[in-house]
Amino acid sequence: MENVISDLVDTTRTLLFNALPSHRILISVSGIPGSGKTTLASKVVRGLNARHRSDGNDTDIAAMIPMDGYHLTRATLSAMPNPAEAHARRGAPFTFDPTALKKLVVKLREPVVAGAPPIYAPSFDHAIKDPVEDDIAILSTQQVLIFEGNYLSLKDDIWGTISALFDELWFVSVDREVARKRLIARHLAAGLADTPETAAKRADENDLLNGDFIVANMAAVHRVIRSIPDEDYARNC
């Protein structure tokens, strides 16, 4: 796996080297739920920053932006025509705010000005199960931004206009049954289910339905990356 990360770090550094100094490199890492995209994105960011600092720099060059911050709030879901379905299907495309996400990506596509004030993105607080506005500061020195999220390589509607804004689209592939096992374990660990059976039901009736939608509606991507092994996933997710 480390060879894969090293290759992705090298590829990204080459993209940055060949870009104008005022151009940020924006990369999306997508995949079905349970594919390990968050782990992969974070490893690449750490690798980029480590290489940048080993070159004698004292700032980070890269940052990760999770799509989780663009979940609709629970209050917004409760105000929908069918709130029970909205809460049960949280994580489906209609439970996100792609308009706000696009606004951020468009802003980040503007030329970088040295010393400019930070641009802020939302995070997601798993304790309160809602986004936290303006919680991630994106600095002018962070010239590589790796976004990660399920729907960042879709081809249609507003999602397609978002995916077209990235320099590269990476997709993490995984066997569906491997993803299912990971999701069951994740839901139990997070307290989203109290038994393996209810965790499996959540995986089958929400996460994997979303995964099937992603695979069926993908744009052409630049790279397909095989999911990391379970033991590495478990150490880093």
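Residues numbered from 1 in each chain as written. Predicted model: local features only at pLDDT ≥ 70, side-chain atom pairs only at ≥ 80, totals over all residues. Heavy atoms only, no water.

An unreviewed UniProt entry lists the chain under the name Phosphoribulokinase/uridine kinase domain-containing protein, with Discina gigas as the source organism.

J.: So what's going on with the overall build of the chain? Residues and values would help.
T.: Counting secondary structure elements, the chain contains nine helices and seven strands. Here the C-alpha atoms of the chain give a radius of gyration of 18 Å, agreeing with the 18 Å that 2.2 N^0.38 yields for 237 residues. C-alpha atoms of the chain, sized along the principal axes, occupy 50 × 40 × 35 Å. Within the chain, buried positions represent 46% of all 237 residues. For the chain, the proportion of contacts with a sequence separation of at least 24, taken over those separated by at least 6, is 74%. Roughly 11500 Å² of accessible area belongs to the chain as shown, and the carbon and sulfur atoms make up 55% of that amount. (Helix = DSSP H or I, 4+ residues; strand = E, 2+ residues; numbered from the N terminus. Rg over C-alpha atoms; globule rule 2.2 N^0.38 Å. Buried < 20%, exposed > 50% of the residue type's maximum accessible area, 1.4 Å probe, protein only. Contact = heavy atoms within 4.5 Å. Areas by Shrake-Rupley, 256 points an atom, 1.4 Å probe, with all protein chains shown as cover.)

J.: Provide a residue-level description of the packing of aromatic side chains, including the pertinent values.
T.: What the rule picks out here adds up to three aromatic pairs. Their ring planes at 70° and their centres at 5.3 Å tell us that Phe147 and Phe166 sit as a pair that is edge-to-face. Placement of the pair is Phe147 in strand β5 (residues 144-148) and Phe166 in the loop between α6 (157-163) and β6 (168-173), with a sequence separation of 19 residues. Each residue in the set Phe96, Tyr151 and Trp159 is aromatic and connected to the rest through ring pairs, giving one cluster. (Phe/Tyr/Trp six-rings, centres within 6.5 Å; stacked < 30°, edge-to-face > 60°.)

J.: So what's going on with the pattern of salt bridges? Residues and values would help.
T.: Overall, the coordinates contain 13 salt bridges when judged by the stated rule. Among the salt bridges present, the one from Arg180 reaches Glu177, with a minimum N-O distance of 3.9 Å. Separated by three residues within a single helix, Arg180 and Glu177 lie in helix α7 (residues 176-189), roughly one turn from each other. Relative accessible area serves as the criterion here: at 22%, Arg180 is assigned to the partly exposed category. Glu177 gets classed as partly exposed once you look at its relative accessible area, which sits at 43%. The partner of Glu205 in a salt bridge is Lys201, with the nearest N and O atoms 2.9 Å apart. (Salt bridge = Lys/Arg side-chain N within 4 Å of Asp/Glu carboxyl O.)

J.: Please provide a residue-by-residue account of the pairing of β6, values included.
T.: Burial of β6 is extensive: six of the six residues sit out of reach of the surface. Every second residue of β6 is oriented toward a common face, with Glu168, Trp170 and Val172 on one face and Leu169, Phe171 and Ser173 on the other, all of them buried. Where strand β1 (residues 25-31) and β6 come together, five bridges link them in parallel fashion. Bridge assignment links Val29 to a residue of β6, and that residue is Trp170. One ladder, built from four bridges, connects β6 with strand β7 (residues 223-226); its direction is parallel. Directly across from Trp170, in β7, lies its bridge partner Arg223. (Pairing = 2+ DSSP bridges.)

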